[in-house]
Amino acid sequence: MATIMANGLNIAYESHGNPDDPCVLLVMGLGMQLIAWPADFVEGIVEQGFRVVRFDNRDSGLSSKMAQAGKPYLPLAYVKNLLGWPLKTSYTLNDMADDALGLLAALRIAQAHVIGVSMGGMIAQVMAARAPQQVLSLTSIMSSSGRRGLPGPTRAARNALLQRPKRNASRAELMAHMAATVRVIGSPAYPVSERLLYQRIEAALERGSCPEGVARQMVAIAASGERTALLPSISCPALVIHGAADPLIPVACGIDTAALIPGATLEVIEGMGHDMPPQLIERLLALIDVHLQGKMAPQMRSQPA
């Protein structure tokens, strides 16, 4: 595993494909590591003629941990966010966007297409708005503008996200807890097999788990506020993909994101939740191929799977 100094942090990353090909930077979501990007998805983008760089955000995987900031008390942070009170945080999404841009600079990559999922979509949005000369295109998947008043998670999804495994949980109990969370937020029309689900969880635990980092990332999202004033400044081609059945970040959030970005294309996928199930990889790759090749006409559309 390669690491490099970027924005003052050690960032763990992987590079796939020909270094001379145009770059696609993949930005992962809350608490997830670079290995959460499905291998078929990464390989598919490489086959389309791109170099793919994926990395661990700060406070996840093998990248730097912000341990000096301590562990936030999430119930209090949640209430403060609901009331619109200021949140104390050691970093924001702007800092995480600077991490990603710093990684590109450290790798001497002048420009990249940026694809982000969930929190990674929020980071990608900030990158596209703040660094228009470096971001060739934006793909925001199952993400949000952060606008106050948009629908929030279902009760089940919110509880799954906030509930912590019991203290001193065994490895088996921890894996079962993580699997239960994935089932709650996953795609109802495209279930992932138990075997694949547990393989992914085991790989993540073996590589690196940082519950306190997840909590800090959650507070960073809340403390960053809305991007409603930022998104209209995005000038690069933008594709917004969202699942119609997303229980964590409802589809209204994706619709709002696309409406705020000039000329953005919206693709709503029926039966898709808050994940990238194997059954949808081919469709996602087809959408991204057209988008990255510049063949997608600016429009807003919604088509069933």
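Trainee: So what exactly am I meant to see when it comes to the nonpolar core here?
Mentor: In globular proteins that are soluble, nonpolar side chains generally tend to be buried together. Ranked by internal contacts, the top residues of the largest apolar core, which has 53 residues, are Leu25, Leu103 and Met127. Of all the elements, helix H4 (residues 119-130) adds the most residues to this core, at eight residues. Residues in contact with Met127, not counting those within four places in the same chain, are Leu25, Ala97, Ala100, Leu101, Leu104, Val114, Pro132 and Val135. Ranked by size, the runner-up nonpolar core spans 26 residues in total, among them Val24, Val117, Ile141 and Leu292.

Trainee: Would you take a moment to explain the pattern of salt bridges for this structure?
Mentor: Pairing is possible between side chains that carry opposite charge, provided their charged atoms lie close to one another. What the rule picks out here adds up to ten salt bridges. In this structure, Asp99 engages Arg58 in a salt bridge whose closest nitrogen and oxygen atoms are separated by 2.6 Å. Within this pair, whereas Asp99 is found in helix H3 (residues 93-106), its partner Arg58 is found in the loop between strand E4 (51-55) and helix H2 (74-83), the two being separated by 41 residues in sequence. Here Asp99 matches Arg58 in class, with each residue buried. A salt bridge links Arg183 to Glu194; the nearest nitrogen and oxygen atoms lie 2.9 Å apart.

Trainee: How should the sheet that holds E4 be read in this particular structure?
Mentor: Two modes of strand pairing occur in sheets, parallel and antiparallel, and in both the strands are linked by backbone hydrogen bonds. What the eight strands build is an open sheet, ordered E1-E2-E4-E3-E5-E6-E7-E8; its pairing is mixed. If you trace the sheet from one side to the other, it starts and ends with strand E1 (2-6) and strand E8 (265-269), each paired once. Recorded for the sheet is a direction-independent mean angle of 25° between the axes of neighbouring strands. Packing against the sheet, H4 makes contact with strand E3 (23-27), strand E5 (112-117) and strand E6 (135-141), and its axis sits at approximately 145° to E5.

Trainee: Would you explain unusual backbone geometry in this entry?
Mentor: Backbone geometry follows two general trends: most residues other than glycine have a negative phi, and most peptide bonds adopt the trans configuration. At Asp59, a residue that is not glycine, the phi angle is positive and equals roughly 70°. Position of Asp59 relative to the elements: it lies in the loop between E4 and H2.

Trainee: Please clarify how the pairing of E6 should be interpreted in this entry.
Mentor: For a regular strand, the rule is simple: side chains alternate between the two faces of the sheet. Most of E6 is tucked away: six of the seven residues are buried. When E5 meets E6, the two strands line up parallel, connected through six bridges. If you follow Ala112 over to E6, its bridge partner there is Val135. Chirality of the crossover, the property in question, places the unit of E5, H4 and E6 among those that are right-handed.

Trainee: Even after reading the chapter, I still don't get helix H7 (residues 194-207), so can you show me in this structure?
Mentor: Because each turn of an α-helix spans 3.6 residues, side chains separated by three or four positions end up pointing in the same direction. Here H7 contains 14 residues, and its C-alpha end-to-end distance of 20 Å stays within 8% of the 20 Å for a straight helix at 1.5 Å per residue. Residues of H7 that are buried: Leu197, Ile201, Ala204, Leu205 and Arg207. Summarising the contacts, the buried residues of H7 are in contact with strand E2 (9-16) and helix H6 (171-185).

Trainee: Would you mind going over the side chain of Thr257 with me for this structure?
Mentor: Among the structural elements, Thr257 can be located in helix H9 (residues 251-260). From its side chain, Thr257 meets the backbone nitrogen of Ser145 in a polar contact 3.1 Å long. When residues no more than four places from it in sequence are discounted, the contact partners of Thr257 are Gln125, Ser140, Ser143, Ser144, Ser145, Leu231 and Val240.

Trainee: Please clarify how the packing of helix H1 (residues 39-47) against helix H10 (residues 281-292) should be interpreted in this entry.
Mentor: Look at H1 against H10: their axes get within 10 Å of each other, and the N-to-C directions meet at 30°. If you check the angle between H1 and H10, you find them roughly parallel. For the crossing formed where H1 meets H10, the hand is right-handed. Side by side, H1 and H10 meet where Asp40, Phe41, Gly44 and Ile45 of the first sit next to Ile281, Leu284, Leu285 and Ile288 of the second. Here the contact of H1 with H10 is built from residues that sort into six nonpolar, one polar and one charged.

Criteria and cut-off values
- Residues numbered from 1 in each chain as written.
- Predicted model: local features only at pLDDT ≥ 70, side-chain atom pairs only at ≥ 80, totals over all residues.
- Heavy atoms only, no water.
- Core = buried A, V, L, I, M, F, W, Y, C linked by side-chain atoms within 4.5 Å.
- Buried < 20%, exposed > 50% of the residue type's maximum accessible area, 1.4 Å probe, protein only.
- Helix = DSSP H or I, 4+ residues; strand = E, 2+ residues; numbered from the N terminus.
- Contact = heavy atoms within 4.5 Å.
- Salt bridge = Lys/Arg side-chain N within 4 Å of Asp/Glu carboxyl O.
- Pairing = 2+ DSSP bridges.
- Axes fitted to C-alpha atoms, helices over the stretch in contact; angles between N-to-C directions.
- Right-handed = clockwise from strand over helix to strand, strands pointing away.
- Expected span 1.5 Å × (residues − 1).
- Polar contact = N/O pair within 3.5 Å; in protein donor to acceptor, adjacent residues only side chain to side chain.
- Parallel < 35°, antiparallel > 145°, perpendicular 65-115°, else oblique.
- Left-handed = near helix turned anticlockwise from the far one by under 90°.
- Nonpolar A, V, L, I, M, F, W, Y, C, P; charged D, E, K, R; others polar.

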